[in-house]
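# Secondary and tertiary structure notes
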2 protein chains.
Amino acid sequence: MNKPTIKDVAKEANVSIATVSRIINNGVGYSAKTKDLVMQTVQKMGYSPNAIARGLINKQSNTIGVLMPELSGLVSAEILHGIEKAAHSQGQSVIVCNTASVGGQTLDYLKLLQEKQVDGVLFTSQFLTHEYADFIKKMGVPVITISAYSEDRATPAVRVDDETAAYDAVKYLLQQGHSEIGMISGSPGDRLAGAPRIEGYKKALHDEGIPFDKTKVVWRNGFYFEDGREACSQLLNEHPTITALFAASDELAVGAMTSAAEQGIQVPDQLSIIGYDGTKLSAMVLPPLTTVSQNFIEMGETAATLLLDSIQTGVTSKGATIQHQIIERKSVRKL
Amino acid sequence: MNKPTIKDVAKEANVSIATVSRIINNGVGYSAKTKDLVMQTVQKMGYSPNAIARGLINKQSNTIGVLMPELSGLVSAEILHGIEKAAHSQGQSVIVCNTASVGGQTLDYLKLLQEKQVDGVLFTSQFLTHEYADFIKKMGVPVITISAYSEDRATPAVRVDDETAAYDAVKYLLQQGHSEIGMISGSPGDRLAGAPRIEGYKKALHDEGIPFDKTKVVWRNGFYFEDGREACSQLLNEHPTITALFAASDELAVGAMTSAAEQGIQVPDQLSIIGYDGTKLSAMVLPPLTTVSQNFIEMGETAATLLLDSIQTGVTSKGATIQHQIIERKSVRKL
C-alpha cells in the first residue's frame, strides 16, 4: 500500500539518497551512467519525484482523485456532490478528471493523478480493466470503484445491485396490474448498466410466469434522451399493445415520454413509464417520473468515506452495496 | 507571468540554490535560522516547492485547473465538456475543483491548484474577488473567467453579454405579440446572472413603451427548479393576466412549467415561457422549451483555447464575448 520513497529508490539503485535527490532535482555531481540507472529505477518502482517535496507539508497530499466519464451530466454531478460532501467534512480536497470526453485517455489521467500524488482514487462509472487496476496498484494508493464494473472483481466497489433494482422496477409495474411490459435500454454489452438490468427485467417477468420476448427489449448504444426517444418509438411501433415500459435510465425514460407525446399517447393514461437513476431530472418532467433511485449522493459519500478510511488505516475496503429505492411519482398508473 | 524558480528564491534569501534545495527536501546541513528565512521567502514569493521536480519532465505541467461551483449540474457539465475538448486537442490535462459544495473554499482550492502546479486557471461561474485575483497573480499563471464576474474587471472574461441576451429574449416575446410579460429570476444581487438579466428585461419593455412594474419580476435566491416553481406560482397569483414569462435559467423555466401544470394552465396556449441557458434539459421537457442559448460548450472551448494561448505566449488574453442565440421550440405561442 505504501508509495516507494526516495530511500527505496536509493537502496534499489545502490546509490546514496543525496545522489537520487540531486538527479531528480537536475543538480550536479553524478555521471550520465548513474543518472540513467536512477531514472530507470524511479520508473520501474513507480516512484513519483514530487513526493520529495511533499514531506515539506505532511506525508499525505490530502487529495483524492476522481476519474469520471460523462456518463450523463446529472449522474456524475450527483455522485461528485456526495464525494465532496464526505471529503470536505474530513478536510480533504478532490480533483476530478473527466475521462470520456475524448476516448482512451483513462491511463493518461491515471498517470496525471499519480504525478499529482493523490492519496487514493475513486474510479467511477467505467469499466476497470486489468491494465488500469495494475497501474493503480503500482501507484500504491487505494482505489474504490463507484457504479462501475471491474475486470478482476477484487477491487472494492460501491454500487447498487443493478439486477435486483431492475427486478424491483419491473415487479412494481406488475404489481400495478401491468403484464404487457416493454423495456428500453442502452447496450446489453454494457456490463454495468446494460446486461444486469435486462437480466432483472427477464427474471421479474419469469417469476410472474410471463414468457420473455426479446423483441420487447429495444436498445440503443447509449442511455441518453435521444436513445430513449428512438427506442420507445420502435417499441411502440412493434408492440402497440404494451401498457408499461421500464427504461434503464431516467434520460431514456424522458426520451420515451417525448416519443409518446409525439405519437399522441398519454403518459400514464395510455402508457406507464418507470425510469432508473433517480437524478433530479426525474422530478422536473411532466408528469413527474416514477423511478428507481440509485441514491447517487449517498453512493458518492459512502465511497469517499471508505476510501479515506483505507488511506488512513492501510486496510483495503470491502466496498458497499447502496440500497436502491422506488420513488413513486405520476408516470405509472394502476390498471 | 513566470513562476518564481528555486534560483529566484535563493537569490532573494541570499543563500545558495543547494541550501534551498536541501531545506525544502528536508535534508541536512543548515541552521534553524536559515531554514526560517528560506521558508519565509518561499511563502512570500509564492514559490511552489514541487516545481523542482517538474524540471524532470518538462517546464510545464501541461495541466490546467478549473474552479467550478455547482451552479447547475448541466451548465457545469457543458462548460467542462467544451474546456476538455479544447484542452485534449492540445494534449493538455484538466483538473477540476468544485468549489461550492461546501462554502468558502475557493481559496483552499486555489492553493491546491498552486500546489498541483497548473499552468493556468479557468475560473467559472463565480465572483472573482480581489483576494482570489491577487492569489492567482502570485501563482504567476494566467487566469480567464468563464461566465463569471470579476471585481477588478481587468481579468479576461469569456461570457455572453447577459443584458443583451435577456433583452433579446424579452424582445422575442414582444415580437410574438405579448405585452403582459412577467419575469422570474434568481437573486438580483447576483451580478452575473441576476442584475444584468433583469436590466435587459426592463430595457426591452422600455423600448416598446411598456412601463416597468417591479412586482412582475419575482425572484428567489437560486436559479433552480424549485425556485422557478415557487416564483411562477407567486407571479401567476399576483398577475393572472400575464401571457408570457421570461425565466432567467432553464431550470427556473422548467419549474415554471410544473407550476403552470399544477394550476391547470396550458403552456404555451395560456402561458408562453422562454428560458435562458440552452442546456440539454431545455430539449427534454414537454413542450420543448424555447430558450436563449449561451452556447456553453463553445464558451468552454473558447476560454480553454485562449488560456492555452496565454500560457504559451505569456501574453494576457483579451477574453471573448460568446454569441447567444434564441432556440425556437414549442413553449412560446404567437398571440
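Model, not experiment: these values are computed from the prediction.

## Some words on the overall build of chain A
- A tally of regular secondary structure across chain A gives 13 helices and 14 strands.
- A principal-axis box enclosing the C-alpha atoms of chain A has dimensions of 80 × 35 × 35 Å.
- For chain A, the residues scored as buried account for 57% of the 335 residues in total.
- Carbon and sulfur atoms make up 50% of the accessible area of chain A, which amounts to about 13600 Å² in all.
- Distance between charge centroids for chain A: 8 Å, based on 31 positive and 36 negative side chains.

## Overview of the domain arrangement of chain A
- Parsing chain A into structural domains produces domain 1 (6-58), domain 2 (63-159 + 296-322) and domain 3 (162-293).
- Distance from the C-alpha centre of domain 1 of chain A to the C-alpha centre of domain 3 of chain A: 57 Å.

## Topic: the confidence of the model for chain A
Residues and elements named next belong to chain A.
- Summarising the model, chain A shows a mean pLDDT of 88, and 92% of its residues fall at 70 or more.
- Of the regions scoring below 50 in pLDDT, residues 51-58 engages in 23 contacts with residues more than four places distant in sequence or in other chains.
- Scoring of the predicted complex yields 0.80 for pTM and 0.78 for ipTM.

## Concerning the nonpolar core
- Counting residues in hydrophobic clusters, the biggest one holds 182 residues, and the most contacted among them are Ile64(A), Leu122(A), Phe246(A), Ile64(B), Leu122(B) and Phe246(B).
- Of all the elements, helix α13 (residues 296-313) of chain B adds the most residues to this core, at eight residues.
- Once residues within four sequence positions are removed from consideration, Ile64(B) is found in contact with Ile83(B), Ala87(B), Ser93(B), Val94(B), Ile95(B), Val118(B), Gly120(B), Leu122(B), Ala304(B), Leu307(B), Leu308(B) and Ile311(B).

## Some remarks on the environment of Ala169(A)
- Looking at the secondary structure, you find Ala169(A) in helix α8 (residues 162-175).
- Not counting residues up to four positions away in its chain, the partners in contact with Ala169(A) are Phe246(A), Ile274(A), Val292(A) and Ile326(A).

## Digging into the environment of Val75(B)
All names here are of chain B.
- Position of Val75 relative to the elements: it lies in helix α5 (residues 73-89).
- The sequence separation of Val75 and Asp277 amounts to 202 residues, and the corresponding C-alpha distance is 7.7 Å.
- Contacts of Val75, omitting those with residues within four sequence positions, involve Asp277, Thr279 and Phe296.

## Focus on the pairing of strand β2 (residues 93-98) of chain B
All names here are of chain B.
- Burial analysis of β2 places six of its six residues in the buried class, the great majority of the element.
- Side chains of β2 alternate between two faces, with Ser93, Ile95 and Cys97 and Val94, Val96 and Asn98 buried alike.
- In this sheet, β2 lies alongside strand β1 (residues 63-68) in parallel orientation, the contact comprising six bridges. Within β2, the position partnered with Thr63 by the bridge is Ser93.

## Observations regarding the sheet that holds strand β10 (residues 244-247) of chain A
All names here are of chain A.
- Taken in spatial order, the six strands of this open sheet run β9-β8-β10-β11-β12-β14, and their pairing is mixed. This sheet does not close on itself; its edge strands, each paired only once, are β9 (217-219) and β14 (325-327). Strand-to-strand twist across the sheet, computed as the mean angle between neighbouring axes with direction ignored, equals 20 degrees.
- The strands touched by helix α10 (residues 225-238) are β8 (181-185), β9 and β10; relative to β8, the strand with the most contacts, the crossing angle is about 150 degrees.

## What to know about the packing of helix α8 (residues 162-175) of chain B against helix α9 (residues 195-207) of chain B
Residues and elements named next belong to chain B.
- Their axes nearest at 7 Å, the elements α8 and α9 cross at an angle of 40 degrees. Between α8 and α9, the interaxial angle falls into the category oblique. You can see that α8 and α9 cross each other, and the crossing is right-handed. Between α8 and α9, the contacting residues are Asp162, Glu163, Ala166, Tyr167, Val170, Lys171 and Leu174 on the first element and Pro196, Arg197, Glu199, Gly200, Tyr201, Lys203, Ala204, Leu205 and Asp207 on the second.
- Here the residues of the contact of α8 with α9 sort into eight nonpolar, one polar and seven charged.

Each value, and the rule that gives it
- Residues numbered from 1 in each chain as written.
- Chains lettered and ligands numbered in written order.
- Predicted model: local features only at pLDDT ≥ 70, side-chain atom pairs only at ≥ 80, totals over all residues.
- Heavy atoms only, no water.
- Helix = DSSP H or I, 4+ residues; strand = E, 2+ residues; numbered from the N terminus.
- Buried < 20%, exposed > 50% of the residue type's maximum accessible area, 1.4 Å probe, protein only.
- Areas by Shrake-Rupley, 256 points an atom, 1.4 Å probe, with all protein chains shown as cover.
- Lys, Arg positive; Asp, Glu negative; His and termini not counted.
- Charge placed at Lys NZ, Arg CZ, Asp CG, Glu CD.
- Domains from an automatic or database assignment.
- pLDDT = per-residue confidence, 0-100.
- Contact = heavy atoms within 4.5 Å.
- Core = buried A, V, L, I, M, F, W, Y, C linked by side-chain atoms within 4.5 Å.
- Pairing = 2+ DSSP bridges.
- Axes fitted to C-alpha atoms, helices over the stretch in contact; angles between N-to-C directions.
- Parallel < 35°, antiparallel > 145°, perpendicular 65-115°, else oblique.
- Left-handed = near helix turned anticlockwise from the far one by under 90°.
- Nonpolar A, V, L, I, M, F, W, Y, C, P; charged D, E, K, R; others polar.

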